[in-house]
Amino acid sequence: MASLNILSSFIAILIVSGAIPSLCKSHHHKKHPLPPPTIPPSEKEDTHDKYINSLPKNLIEYIENCTKYLPVKCGEKVLNATLENGNVGKKCCHDLVGMGLKCYKTLVKVYIGLPEVKDKIDSKVVKSNVKKVFKKCVALDKKKQQQHHSPPSPSILP
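Read on for an overview of the structure.

Reading guide: rules and limits
Numbering of residues starts from 1 in every chain and runs along the sequence as written. For this predicted model, a pLDDT threshold of at least 70 governs which residues receive local features, and a threshold of 80 or more governs which side-chain atom pairs are given and counted, while totals over whole chains, interfaces and linings are taken from all residues. Side-chain calculation: all heavy atoms of the structure are included, whereas hydrogens and water are not. Working definition: helices are DSSP H or I runs of at least four residues, strands are E runs of at least two. Numbering for both runs from the N terminus. We define a polar contact as two N or O atoms separated by no more than 3.5 Å, with the added condition that, inside protein, one atom must be a possible hydrogen donor and the other a possible acceptor, whereas residues neighbouring each other in sequence contribute only through side-chain atom pairs. Only protein chains enter the area calculation, which uses a 1.4 Å probe; residues under 20% of their type maximum are buried, those over 50% are exposed, and those in between are partly exposed. In these notes, a set of buried Ala, Val, Leu, Ile, Met, Phe, Trp, Tyr and Cys residues joined through side-chain atoms within 4.5 Å is what counts as a nonpolar core. By the convention used here, residues are in contact when the closest approach between their heavy atoms is within 4.5 Å. The definition used for a disulfide is geometric: two cysteine sulfur atoms within 2.5 Å.

1. Looking at the side chain of Thr82
Mapped onto the fold, Thr82 is located in helix α4 (residues 72-84). Within the structure, Thr82 has its side chain in polar contact with the backbone oxygen of Val78 (distance 2.7 Å). One polar contact links Thr82 to Tyr104, side chain to side chain, over a distance of 2.4 Å.

2. So, the environment of Asn129
Its place among the elements puts Asn129 in helix α7 (residues 123-149). In this structure Asn129 comes out as buried when scored by relative accessible area, which is 4%. When the C-alpha positions of Asn129 and Leu83 are compared, they lie 7.2 Å apart, and in sequence the two are 46 residues distant. A distance of 2.9 Å separates the side chain of Asn129 from the backbone oxygen of Thr82, its partner in a polar contact.

3. Regarding the nonpolar core
With 32 residues, the main nonpolar core has Val88, Leu96, Tyr104 and Val133 as its most contacted residues. Counting residues per element, the ones that place at least two in this core are α2 (41-54), α3 (57-66), α4, α5 (90-99), α6 (101-112) and α7. Sorting elements by how many residues they give to this core places α6 first, with 7 residues. In this view, Val133 contacts Ala81, Thr82, Val88, Leu96 and Tyr104; residues no more than four positions away in its chain are not counted.

4. A few points about the state of the cysteines
Summed over the entire model, instances satisfying the criterion amount to 3 disulfides. Cys66 shares a disulfide with Cys103; S-S distance 1.8 Å. Where Cys66 bonds to Cys103 through sulfur, the torsion about that S-S bond is close to 70°, and the disulfide is right-handed. Of this pair, Cys66 sits in helix α3 while Cys103 is found in helix α6, placing the two residues 37 residues apart along the sequence. Like Cys66, the residue Cys103 is buried in the burial classification. In this model Cys93 forms its disulfide with Cys137; the gap between the sulfur atoms is 2.1 Å.

Next up, the structure:
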C-alpha cells in the first residue's frame, strides 16, 4: 500500500511541478496566465482517486513493484524530462534504466490518463519523449558502467 502512496505522490508532484503547461496543445498560456481551476480541489482529488481506483489491480501492483527503487526526486526529474524534453542526470538515469522501459512506459501511460492531465498535454509528444529520455539514459548508464568496469591503470614500479 505504501507503493500506491508513492505512485499517488509521484503523480501529484508531477502535476504540481508545472510541467503540464509546457506540453499544452496550444501555447496561449505563455502570454496569458492560466484561469483558476473550475473544479474545486476536493472534486479534483475525487476524480483523481476514482481514476487510480478504476485501474486494474494487477496494473497497480505492477507499477508498485517496478517503481520500488526509483526515488521520488528521480521520478520528478524523469517526468519533467519527459514532459519538457529535459535532462535527468546520471544517478536518476541509472535508476530509470534499472526500472526498465516497460515500467517507465506504463507509468507515463497511467499519468497521461489522469483526468486532470489527459486533455492538457499532447500524448504523442510525451510518448516520443519517453523513447528519447530512455535512450539518453541508457547511453549515460553505459558510460557509467564502463567507467566502473575499466581495467585499473598499471602502477609504475621502480
